[in-house]
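Observations on chain architecture
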Amino acid sequence: LYGGYVSSGIAEGNRVTISGGTIVMNGGEVYGGWAKGGTASGNAVSICGGTLGDGEGNICGGYVDSSTQASVGKAADNQVVIDHIAAAGTTLIGYYDIVGGYVSGSAAIVSGNCVTIRQTSGITSVAASAVCGGRAESGTVSSNTVTISGGTIGGAVYGGTAKSGTVSSNTVTISGGTISGSIYGGAVSSGTATGNTVNFYGGSISQTLYGGFSKTDNDDVTTGNTLNIGSTGSRVAGLSADNIANF
């Protein structure tokens, strides 16, 4: 399901809105905007009612496939909003990657994308393998955000992530819900993850809070990372030193 699709060039200002009904994913995908090379910007996916279920799938505000392109791919200012409307309810069943903006290929620029998951009346359920503000295979991932105030997240949450490159100035804010995986302000397989922020104001998290994370030894994953914790009802596996890393 695509709000807009281009085989080359710019996918901009497209939107997918789901407010009711049932969509069987079976490995399917929902994109606000999709571009083969080039740029995806200002696209959005809004899910405010209905049911997406059965199997795995991807939900992405803006996606650029630059894996076979020589040009730089850019995903900027795309968003995914999953919100609850009491009359309809919102349920996602299965294992989804929920991503604000994503570029495959090298030399990507991913910035200003966001994912917002809200809950207003206690019956919203979101099952996700990963929630990510911005993602790149390789390049620069910066100033992306994830905000979660309700629901159940079955996997990890990333402000920004890349297999290689620079991941900086991304923010994750949690004020409610239950999260089974770890939370990363920024994460790389190889590169740097600096200047990222995790705000944990409520909810339940059973794994680790990372300001920055890398799978490669000696990468800089601590410089400028910030952790803010508040609310007496918040729980991060006891909030011991073992559950807080790289701030």
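Residues numbered from 1 in each chain as written. Predicted model: local features only at pLDDT ≥ 70, side-chain atom pairs only at ≥ 80, totals over all residues. Heavy atoms only, no water.

Looking at the overall build of the protein chain
- Regarding its fold elements, the protein chain presents zero helices and 22 strands.
- The burial tally for the protein chain puts 55% of its 247 residues in the buried class.
- Excluding contacts between residues fewer than 6 apart, the proportion of contacts in the protein chain whose partners are at least 24 apart in sequence is 79%. (Helix = DSSP H or I, 4+ residues; strand = E, 2+ residues; numbered from the N terminus. Buried < 20%, exposed > 50% of the residue type's maximum accessible area, 1.4 Å probe, protein only. Contact = heavy atoms within 4.5 Å.)

So, the layout of surface pockets
- Computed from the structure, the largest pocket encloses a volume of approximately 240 Å³.
- As for the largest pocket, its lining consists of 15 residues, and the residues nearest its centre are Tyr158, Thr161, Ala162, Ser189 and Lys215.
- Elements with a contribution of two residues or more to the lining of the largest pocket: strand S13 (125-142), strand S15 (156-168) and strand S17 (183-194).
- Residues of the lining of the largest pocket, tallied by class, amount to nine nonpolar, two polar and four charged. (1 Å grid on protein atoms, 1.4 Å probe; cavity = no way out; pocket = protein on both sides within 12 Å on 5 of 7 lines; lining within 4 Å. Points joined across faces, edges and corners; volume = space filled by probe spheres on them. Nonpolar A, V, L, I, M, F, W, Y, C, P; charged D, E, K, R; others polar.)

Focus: the pattern of salt bridges
- The full count for this structure, using the stated rule, is four salt bridges.
- Notably, a salt bridge pairs Lys36 with Asp65, separated by 3.1 Å at the nearest N-O pair. Within this pair, whereas Lys36 is found in strand S4 (residues 29-36), its partner Asp65 is found in strand S7 (residues 56-65), the two being separated by 29 residues in sequence.
- Look at Asp65 and you get buried, because its relative accessible area is 12%. (Salt bridge = Lys/Arg side-chain N within 4 Å of Asp/Glu carboxyl O.)

Describing unusual backbone geometry
- A positive phi angle, close to 60 degrees, is found at Ser143, a residue other than glycine.
- The topology assignment puts Ser143 in the loop between S13 and strand S14 (145-153).
- A positive phi is found at Ser169, a non-glycine position, where the angle reads about 60 degrees.
- If you trace the backbone, Ser169 turns up in the loop between S15 and strand S16 (171-179).
- A relative accessible area of 39% places Ser169 in the partly exposed class.

Observations regarding the pairing of S14
- Inspection of the sheet shows strand S12 (residues 114-117) paired to S14 by four bridges, in the parallel sense. If you follow Val115 over to S14, its bridge partner there is Val146.
- Relative to S16, S14 runs parallel, the two sharing seven bridges. Residue pairing in the sheet places Ser149 in a bridge with Gly176 of S16. (Pairing = 2+ DSSP bridges.)

Looking at the nonpolar core
- Ranked by size, the top nonpolar core spans 26 residues in total, and within it Ile59, Val157 and Ile183 carry the most contacts.
- Secondary structure elements with two or more residues in this core: strand S3 (15-24), strand S6 (44-53), strand S9 (79-82), strand S10 (90-104), S12, S14, S16 and strand S18 (197-205).
- Val157 has contacts with Val131, Val146, Ile148, Val172, Ile179, Ser182, Ile183 and Tyr184, leaving out every residue within four places of it along the chain. (Core = buried A, V, L, I, M, F, W, Y, C linked by side-chain atoms within 4.5 Å.)

Notes on the confidence of the model for the protein chain
- For the protein chain, per-residue confidence averages 84 on the pLDDT scale, and 81% of positions sit at 70 or higher.
- pLDDT under 50 marks residues 120-124. Its contacts with residues more than four places away, or in other chains, come to twelve contacts.
- Note on residues 238-243: pLDDT is under 50 here. Beyond four places in sequence and across chains, it has eight contacts. (pLDDT = per-residue confidence, 0-100.)

With respect to the side chain of Asn43
- With respect to the secondary-structure elements, Asn43 resides in the loop between strand S5 (39-41) and S6.
- Among the residues examined, Asn43 registers a relative accessible area of 0% and is labelled buried.
- Within polar-contact distance, the side chain of Asn43 engages the backbone oxygen of Ala11 at 2.9 Å.
- Apart from the residues within four sequence positions on either side, Asn43 is in contact with Ala11, Glu12, Gly13, Asn14, Gly32, Gly33, Gly61, Gly62, Asp77, Asn78 and Gln79. (Polar contact = N/O pair within 3.5 Å; in protein donor to acceptor, adjacent residues only side chain to side chain.)

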